[in-house]
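Single-letter residue listing:
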Amino acid sequence: MSPAARLRGLKPDWISDPKVWRTEVLGGLVVALALIPEAISFSIIAGVDPAIGLFASFTMAVTIAIVGGRRAMISAATGAVALVIAPLNREHGFGHLVAAVILAGVFQIALGALGVAKLMRFIPRSVMVGFVNSLAILIFMAQIPEMRGVPWPVYPLIVGGLALMVFFPKLTTVVPAPLVSIVILTVITLAAGIAVPTVGGKGELPSSLPVPGLPDVPFTLDTLTTIAPYAFAMALVGLMESLMTAKLVDEITDTHSDKTRESIGQGIANVVTGFFGGMGGCAMIGQTMINVKVSGARTRLSTFLAGAFLMVLCIVFGPVVSDIPMAALVAVMVMVSFATFDWHSIAPKTLKRMPAGEITVMVITVVCVVATHNLAIGVIVGSITAMVVFAKRVAHLAEVTAVADPDGNSVVYRVTGELFFASSNDLVGQFDYATDPKKVVIDLSAAHIWDASSVAALDGIAAKYAQRGKTVEITGLNDPSADLHGKLTGELAASH
């Protein structure tokens, strides 16, 4: 291969394909417009100036576009992070908040390097569906305050915006429908002089770029112990939300992402954000859905431009952006919530076929997330519930059948299934210790030993027979089971 051909192979798609370029640029612009009121709202939750949230969204998006592991995913200031660090800002001040953001980034880099992303494979599909549905509900719920106590023209504007996003793609998909909706509704309100809440009413937009610097805190052990719990909580919440969102984007785009790189990238982005005085953040499901599902973006360019456009819109076009009616952005987010929700998961046909345990896990995940407004809590509780449901189901799969020897000198017990802490508890009661002959064979060729509880149960069975002067022989162990049994048998008597 020639050097020129090799160079062409390294080029991103958007450099040589005008159609991809257009999709990415317009997608980034729509996301930037949608980010402004969200970032301002999250700043209010965290108790900081609106500019802090906007700066965080800018640095997070631009940095993660370069170092992240999931192309086209949007990272910015988020409500989940704001909720975690708000108490720290309230009790100790803004300097401690910034220091916590930097430390959270360091924690995320360390957790990413240690392979925390590999834990994603233990999150079941039912939890993933619950995660997606709860996010859709939260996105919709976040729009409700914007529809309360507002002038009546807000409602027809929202309906008009939704209608534009539904029907405009039938005419053309060259320009993203949300962008068209935002522009048309802004023009209508300005031209007709309609007085409705605007982006400018959310807070003052910054007039200059953020400047790097160190957090204004004493660099002491006392400061470290104060910020560490908040930083660690922020690191976990940010990683979980980002990795779950990355997994969702993988499914939507049918592509694979590097979750370890994404974990480390989130850490780097938060460290950079902290040094620029931002409030930190993580992946944003709503803006990511606008970018990937609505706009059709697929590369890092859209993520980078979302951050770059955000600052350009604030600094250069601040007065114009301030006049955008909130109704236009509410319509976009309502559309995103409907597009995000997995409607197939609650269809009667699906619910009839789905096991009750799976439905329970999905519902519990949704309820926990919606009740706490914390995605991490919902995912953790949902995953634990799924494990309990799975353990309960598998525990009943261990069966014992006895085959007596014709001459009456021995009996063979054939054990079938998975032996672990839940199933092995019932194992001891399935043997006839009193009437069995002198020799007992336990055939495990159709079983697998998974843990110490199972080895302890087998030792307990052997001990019960030994008390009656009978011998037990265990046969048919596969290699991993034989290795575990060989290491632990006879060593667990004290705990039995």
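Up top is the structure.
Every chain's residues receive numbers from 1 upward, in the order its sequence appears when written. Given that the model is predicted, a residue must reach a pLDDT of at least 70 before its local features are reported, and side-chain atom pairs must reach 80 or more before they are shown or counted; all residues, however, enter totals for whole chains, interfaces and linings. Excluded from the side-chain calculations are hydrogens and water; all other atoms, namely the structure's heavy atoms, are used.

1. Focus: the pairing of strand E3 (residues 399–404)
Thinking step 1. Bridge analysis of E3 against strand E4 (residues 410–419) gives 6 bridges, and the strand direction is antiparallel. Bridging from a neighbouring strand, Ala402 pairs with Tyr413 of E4.
Thinking step 2. Remark: 5 residues form the turn of the hairpin made by E3 and E4, two consecutive strands paired antiparallel; Gly408 in that turn has positive phi of roughly 80°. At least two DSSP bridges between two strands are needed for those strands to be called paired. Under the DSSP-based scheme used, a helix requires at least four consecutive residues in state H or I and a strand at least two consecutive residues in state E, with every element numbered from the N terminus.

2. Some thoughts on the nonpolar core
Thinking step 1. Grouped together as the largest cluster of nonpolar side chains are 103 residues, with contacts concentrated most on Ile36, Leu54, Phe131, Met279, Ile290 and Leu310.
Thinking step 2. No other element matches the 12 residues that helix H3 (residues 18–46) contributes to this core.
Thinking step 3. Once residues within four sequence positions are removed from consideration, Ile290 is found in contact with Val30, Val31, Ala34, Ser295, Val332, Met333 and Val336.
Thinking step 4. Within the second largest apolar cluster, 18 residues are counted, among which are Ala398, Tyr433, Leu444 and Tyr465. The nonpolar core is taken to be a set of buried Ala, Val, Leu, Ile, Met, Phe, Trp, Tyr and Cys residues, with the residues joined through side-chain atoms within 4.5 Å. Throughout this description, buried means an accessible area under 20% of the type-specific maximum (1.4 Å probe, protein chains only), exposed means over 50%, and partly exposed covers the range between. In what follows, a contact means two residues having at least one pair of non-hydrogen atoms within 4.5 Å.

3. A short note on the sheet that holds strand E6 (residues 471–475)
Thinking step 1. With mixed pairing, the 4 strands of this open sheet are ordered in space as E3-E4-E5-E6. Edge strands, defined here as strands with exactly one partner in the open sheet, are E3 and E6. Neighbour-to-neighbour, the strand axes of the sheet open up by a mean angle of 20°, direction not taken into account.
Thinking step 2. Direction of pairing for strand E5 (residues 439–449) relative to E6: parallel, over a ladder of 5 bridges. Across the sheet, Lys439 pairs through a bridge with Thr471, a residue of E6. As a rule, the C-alpha atoms of each element are fitted with a line to give its axis, helices using only the stretch in contact, and angles between N-to-C directions run from 0 to 180 degrees.

4. Some details on the packing of helix H7 (residues 125–143) against helix H10 (residues 221–253)
Thinking step 1. Two elements in contact, H7 and H10, have axes separated by 11 Å at closest approach and are oriented at 100°. Here H10 runs roughly perpendicular to H7, going by the angle between their axes. Contact residues: H7 offers Met128, Phe131 and Val132, while H10 offers Glu241, Met244, Thr245, Lys247, Leu248 and Glu251.
Thinking step 2. Across the contact of H7 with H10, the residue classes break down as 5 nonpolar, 1 polar and 3 charged. An angle below 35 degrees is treated as roughly parallel, one above 145 as roughly antiparallel, one from 65 to 115 as roughly perpendicular, and anything else as oblique. Following the grouping adopted for this structure description, the nonpolar residues are Ala, Val, Leu, Ile, Met, Phe, Trp, Tyr, Cys and Pro, the charged ones are Asp, Glu, Lys and Arg, and the polar ones are all others, Gly among them.

5. Describing the packing of aromatic side chains
Thinking step 1. Aromatic pairing here means that ring centres of Phe, Tyr or Trp (its six-membered ring) are within 6.5 Å. Orientation follows from the plane angle: under 30 degrees is stacked, over 60 is edge-to-face, and everything else is tilted. For the structure on display, the rule yields 9 aromatic pairs.
Thinking step 2. When the centroid spacing of 5.5 Å and the interplanar angle of 90° are considered together, the rings of Phe107 and Phe232 count as edge-to-face. Of this pair, Phe107 sits in helix H6 (residues 94–113) while Phe232 sits in helix H10, and the two are 125 residues apart along the sequence.
Thinking step 3. The interplanar angle of 90° and the centroid separation of 6.5 Å between the aromatic rings of Phe431 and Tyr465 together place this pair among those described as edge-to-face. Of this pair, Phe431 sits in the loop between helix H19 (421–424) and E5 while Tyr465 is found in helix H20 (residues 452–466), placing the two residues 34 residues apart along the sequence. Here Phe431 matches Tyr465 in class, with each residue buried.
Thinking step 4. Taken together, the aromatic side chains of Phe140, Phe338, Phe341 and Trp343 make up a single cluster linked through ring pairs.
Thinking step 5. Note that Lys464 overlies the ring of Tyr433, its terminal NZ or CZ placed 5.8 Å from the centroid. Only lysine NZ and arginine CZ atoms are considered, and such an atom sits over a ring when it is within 6 Å of the ring centre and within 35 degrees of the ring normal.

6. Overview of the environment of Thr340
Thinking step 1. Tracing the chain through its elements places Thr340 in helix H15 (residues 326–340).
Thinking step 2. Each residue touching Thr340, except ones within four places of it in the same chain, is listed here: Val132, Ala136, Met289 and Lys293.
Thinking step 3. By the criterion applied in these results, polar contacts are pairs of N or O atoms within 3.5 Å in which, for protein atoms, one can donate a hydrogen and the other can accept it, and in which residues neighboring in sequence qualify only through two side-chain atoms. Of the polar contacts made by the side chain of Thr340, one reaches the backbone oxygen of Val336; its length is 2.7 Å.

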